[in-house]
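# Fold and geometry: a report
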Amino acid sequence: MKSIFSFLILFLWIQNPGFAQTILSGKVLDEKNQPLPGVNVFLKGTFDGASTDQNGSFQFETTESGTQILAFSMLGFKSQEVVVELSAKTLEIPSLILKEEFNELNTVTISAGAMEASDEKKSVILRPLDIVTTPSAMGDIVGAFQTLPGTSTVGNDGRLFVRGGDASEVGIFIDGLRVGNAYGTTAGNVPTRTRFNPNLFKGTFFSTGGYSAEFGQALSSALALNTKDLAKRSQGDLSIMSVGGGYSHTLANDKQSITVSGNIFDLRPYQALIKQNFDWERVPFGRDLELAAQQKTAKGGLWKVLARTEAGGMQLWQPQPGESSRGMLIHLKNTYSYAQTNWRKGYENGWSLFGGISYSQNKDILSLGGLDLERKSQLTHAKWTAGYDFSDRLSVKNGVEYFRNEYSEVLTTENLERTFEENQGYLFTEWDWYLSRKLVLRSGFRAGISTLANEKWLDPRTSLAYKISENGTLSLAAGRFHQLPEERFRVLNPNLKNTESKHLLLNYLYQKEGKTFRAEAFHKSYDHLVRFEGNLQNPQNLRNEGEGFARGFDVFFRDRESLKNTDYWITYSFVDSKRSYFQYTGQVQPDFAPKHNLSVVVKHFVPNLKSQLGLSWSYNDGLSYTDPNQPGEMNSKTGSFQNLSLSWSYLPRPNLIIHGAVTNVTGHQNIFGYQFAQAPNEQGRFESIPLGQGAPRFLFLGIFFTISKDKNANNLNNL
């Protein structure tokens, strides 16, 4: 009876097509037509399937019939689906090619010339917290970046000098919009600082060369500062410092936030205690007011507003070589305003849009030994960009920009005025091709036009990166860059054309478990630099005839893992730079480009003391200068620059921070050059006075107190 029952079951199974078996087979390849083992192949909605073998082949049986979906999936590759008809005993699937899937975790990032500080998964170099706790920086953005590869410390200037380039060759942007007069106006031998507080920003993009086609009008470098999105909470922050004080108040909710800040600084009490080498008639003073607002717009957009106004001044007696008097009195008053608004939004269909406009206005009133000068500069920048992701392998970013620049100099004592007005237009496009998970190509160009210079130009730029190991990437970048001459020259000769540089960079980047190693070699050529001879009042004496080069290499190592509670980085840069520029007749080493630059920064947190201890040390081999008592140009060199700085940050309560720092602890006598008399003395020698520091050391003490419903909130939340 049992055998008869089994026979009936077998007979019914054979006769019923719903129980018919189909054998599926095929082969899966990668994009290079190589077998792809380990691919999951299965019929959707069933348990029927298999994995490919070493030859990329698969085979399995199924009792399903009719129209079905055959799925192919593997980690790191795009899943694919094929519609099949199961009506035969065997079905061979044509060879299928799986394409690699690209995302942030498995693709290479271009690093040549660029240092990202906005993405923790990439080459994080400096966050706002890093900036304010770097001892030598004293809270200045540029002061902290002077510890990074490719930069040079010019102690009596304070601006950012990159790879043999002048500070004017560095473009500074906030949320992609150009900032005019980003540094405070200064006089004499007094170093300046950037105007903006690092608390405003969530991250930075600092390029030492070969940067994106999105940025222009900078021969050497682009420093892009990205402001924060919505504030985390409502709170008030009070600061009392050895150089002044301020208060900031933030109101925030899930959709919008606004922060209003005001600060006053006056060095009179500080310099009454600390002896200065400068002869002040009125020590530097100033005040500022700042507003930052953010609001989420409909369907995921974000709108931002940033506005700042400030005023300040100083009076300084500048000694003259060979004279016993106090010298020449320099009286400076400065007012500055900056405002911008921008909007951005990403769309699910792959589009991303950005639009913004900024306005900068700077006014200086200078009295130089009885010669009165009023200088005014205005810059308007409007920008619109559109990006589109065609796929995870190809994306594009296009943009259009407009600049309007107005500049004037009025010599009131002689009733003489010089002005110029200019409109500039730009188009740029940049494409990213992910050729594989290990190889990415970025290529684009930037086109510009100037109404004042009556000139058009086109700058091609390209970068290539290849992932040579799990943690190592090799990058190559090249491009051409244009920049119109400084305003002080263009107002004398409006017909001056663009200066030009060409960059070539080779970069190696290694990152693993809190460690970053970066090495880069570079070559930069200059052409059409501004030179002049004789009297500058004759516009024809200013011409685009200079040229030069800068070449060298730099290395950077940062480690946040090896030593417990310790973060440190070491930087070394070598720059060989020569150029014919300004009044020099031949190619000389510029007075702002030391050959060797070394910096070390160490920060150690001591939990038991609720403290962070900081140390930074900077060194360069000295600056070149021309001694008229010797033949030739740039024939002399200062001694080495050295600066050992220490800091201590103490958190006695969650909402209270006490921070102290001192620069040049060892009291090293840093000389940045010499000022020589215009005529020789009776012995036929040109007398000189050294250009040195205002004081052997600078001491800072700050107390920062936060008022909030959240008793654990403090200024660190903003960093």
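What counts and how
Residues numbered from 1 in each chain as written. Predicted model: local features only at pLDDT ≥ 70, side-chain atom pairs only at ≥ 80, totals over all residues. Heavy atoms only, no water. Helix = DSSP H or I, 4+ residues; strand = E, 2+ residues; numbered from the N terminus. Buried < 20%, exposed > 50% of the residue type's maximum accessible area, 1.4 Å probe, protein only. Contact = heavy atoms within 4.5 Å. Areas by Shrake-Rupley, 256 points an atom, 1.4 Å probe, with all protein chains shown as cover. Lys, Arg positive; Asp, Glu negative; His and termini not counted. Charge placed at Lys NZ, Arg CZ, Asp CG, Glu CD. Pairing = 2+ DSSP bridges. Salt bridge = Lys/Arg side-chain N within 4 Å of Asp/Glu carboxyl O. Core = buried A, V, L, I, M, F, W, Y, C linked by side-chain atoms within 4.5 Å. Axes fitted to C-alpha atoms, helices over the stretch in contact; angles between N-to-C directions. 1 Å grid on protein atoms, 1.4 Å probe; cavity = no way out; pocket = protein on both sides within 12 Å on 5 of 7 lines; lining within 4 Å. Points joined across faces, edges and corners; volume = space filled by probe spheres on them. pLDDT = per-residue confidence, 0-100. Phe/Tyr/Trp six-rings, centres within 6.5 Å; stacked < 30°, edge-to-face > 60°. Polar contact = N/O pair within 3.5 Å; in protein donor to acceptor, adjacent residues only side chain to side chain. Patch = residues over 30% accessible without salt bridge, like charges linked within 9 Å, V, L, I, M, F, W, Y side chains within 5 Å.

All right, on to the overall build of the protein then. Counting its secondary structure elements, the protein contains 5 helices and 41 strands. Seen along its three principal axes, the alpha-carbon backbone of the protein occupies a region of about 135 × 60 × 45 Å. Burial statistics for the protein: of 719 residues in total, 48% are counted as buried. Partitioning the intrachain contacts of the protein with sequence separation of at least 6 by distance along the chain shows that 60% fall at a separation of at least 24. Here the protein displays about 34,000 Å² of accessible surface, and carbon together with sulfur accounts for 56% of that area. Across the protein, the mean location of the 73 positive side-chain charges is 4 Å away from that of the 71 negative side-chain charges.

With that settled, consider the pairing of strand 12 (residues 170-174). Of all 5 residues making up strand 12, 5 are buried, and the element is well covered by its neighbours. Summarising the sheet, strand 12 and strand 15 (residues 221-227) pair through 5 bridges and their orientation is parallel. In the sheet register, Gly-171 faces strand 15, and the bridge partner there is Ala-222. With 2 bridges connecting them, strand 12 and strand 13 (residues 177-178) associate as antiparallel partners. Paired with Ile-174 across the two strands is Leu-177, which belongs to strand 13.

As enumerated under the stated definition, the model contains 36 salt bridges in all. With a shortest N-O distance of 3.3 Å, Lys-202 and Asp-229 are connected by a salt bridge. Here Asp-229 lies in the loop between strand 15 and strand 16 (235-241) and Lys-202 lies in strand 14 (residues 201-207), a separation of 27 residues in the sequence. Residue Lys-202 is classed as partly exposed on the basis of its relative accessible area, which comes to 40%. Across the pair Glu-310 and Arg-308 runs a salt bridge, and its minimum N-O distance is 2.8 Å. Through salt bridges with shared partners, one network takes in Arg-195, Asp-288, Glu-290, Arg-308 and Glu-310.

Moving on to the pairing of strand 18 (residues 256-266). Here 9 bridges tie strand 17 (residues 244-252) to strand 18, and the two strands are oriented antiparallel to one another. Within strand 18, the position partnered with Ala-252 by the bridge is Ser-257. Counted between consecutive antiparallel strands, the loop separating strand 17 from strand 18 contains 3 residues.

This part is about the nonpolar core. Counting 29 residues, the largest nonpolar core has Phe-145, Leu-160, Ile-174, Phe-196 and Tyr-338 as the members making the most contacts within it. Contributing elements (two or more residues each) for this core: helix 3 (141-145), strand 12, strand 14, strand 15 and strand 21 (328-346). The element contributing the most residues to this core is helix 3, with 4 residues. By size, the runner-up hydrophobic cluster in this structure holds 20 residues, among which are Ala-167, Tyr-526, Val-575 and Tyr-581.

Okay, the sheet that holds strand 2 (residues 40-43) next. The strand order across the open sheet formed by 4 strands is 3-2-5-6, and the pairing between neighbours is antiparallel. Each edge of the open sheet is held by one strand with a lone partner, namely strand 3 (49-51) and strand 6 (80-86). Strand-to-strand twist in this sheet, taken as the mean axis angle between neighbours without regard to direction, amounts to 20 degrees. One ladder, built from 3 bridges, connects strand 2 with strand 3; its direction is antiparallel.

Our focus in this paragraph is empty space enclosed by the protein. Counted under the stated rule, the structure contains 4 cavities of 30 Å³ or more. Space inside the largest cavity adds up to approximately 200 Å³. If you trace the largest cavity, you find 16 residues lining it, with Ser-168, Glu-169, Glu-486, Leu-529 and Phe-582 closest to the centre. In this model, the second largest cavity occupies a volume close to 80 Å³. Along its surface, the second largest cavity is lined by 15 residues, and Gln-146, Thr-151, Thr-153, Asn-597 and Leu-598 are the ones closest to its centre. Elements supplying a minimum of two residues to the lining of the second largest cavity: strand 10 (151-152), strand 32 (566-579), strand 33 (596-606) and strand 34 (611-620).

Summary statistics for the protein give a mean pLDDT of 88 and a share of 92% for residues scoring 70 or more. Low confidence marks residues 1-18, where pLDDT is under 50. Its contacts with residues over four positions away, or in another chain, come to 3 contacts. Contacts for the low-pLDDT stretch residues 117-124, under 50 throughout, to residues beyond four places or in other chains number 27 contacts.

With that settled, the discussion passes to the environment of Pro-35. For Pro-35, the position within the fold is in the loop between strand 1 (22-29) and strand 2. Look at Pro-35 and you get partly exposed, because its relative accessible area is 32%. Along the sequence, Pro-35 and Leu-416 sit 381 residues apart, while their C-alpha atoms lie 79 Å from each other.

Taken as a whole, this structure holds 33 aromatic pairs when the rule is applied. With a centroid separation of 6.5 Å and an interplanar angle of 15 degrees, the aromatic rings of Trp-343 and Trp-384 are classed as stacked. Here Trp-343, found in strand 21, pairs with Trp-384, found in strand 23 (residues 371-389); they are 41 residues apart in sequence, far enough to count as distant. Taking the centre distance of 6.2 Å and the plane angle of 70 degrees together, the rings of Tyr-581 and Phe-592 count as edge-to-face. With Tyr-581 in the loop between strand 32 and strand 33 and Phe-592 in the loop between strand 32 and strand 33, this pair connects stretches of sequence that are 11 residues apart. For Phe-592, a relative accessible area of 6% puts it in the buried group. By the ring-pair criterion, three or more aromatic residues cluster together here, those being Phe-161, Phe-489, Phe-532, Tyr-581, Phe-582, Tyr-584 and Phe-592.

Unlike most non-glycine residues, Arg-163 shows phi in positive territory, near 45 degrees. A residue is classified by how much of its surface remains accessible, and Arg-163, at 2% relative accessible area, is buried.

A word on the side chain of Asn-405. Note that Asn-405 resides in strand 24 (residues 394-411). At 3.3 Å, the side chain of Asn-405 forms a polar contact with the side chain of Glu-487.

On the surface, Leu-464, Tyr-466, Ile-468, Leu-474, Leu-476, Leu-504 and Leu-506 cluster together to form a nonpolar patch covering roughly 600 Å² of accessible area. Contributing elements (two or more residues each) for the nonpolar patch: strand 27 (455-467), strand 28 (472-483) and strand 29 (499-512). Relative to the helices and strands, Ile-468 is located in the loop between strand 27 and strand 28.

With respect to the helices and strands, Thr-259 occurs in strand 18. Within polar-contact distance, the side chain of Thr-259 engages the side chain of Thr-250 at 2.9 Å. Ignoring anything within four residues of it in the chain, the contact list for Thr-259 reads Ser-248, His-249, Thr-250, Glu-290, Leu-291 and Ala-292.

The next thing to look at is the environment of Lys-275. Along the chain, the position of Lys-275 falls in the loop between helix 4 (268-273) and strand 19 (279-296). Along the chain, Lys-275 and Asn-681 lie 406 residues apart, while their C-alpha atoms are 32 Å from each other.

Moving on: the environment of Tyr-359. Examined against the element boundaries, Tyr-359 turns out to sit in strand 22 (residues 351-368). The spatial distance from the C-alpha of Tyr-359 to the C-alpha of Leu-177 is 9.3 Å, given a sequence separation of 182 residues. Beyond its immediate chain neighbours, meaning those up to four positions away, Tyr-359 contacts Ser-337, Tyr-338, Ala-339, Gln-378, Leu-379 and Thr-380. At 2.4 Å, the side chain of Tyr-359 and the side chain of Gln-378 are in polar contact.

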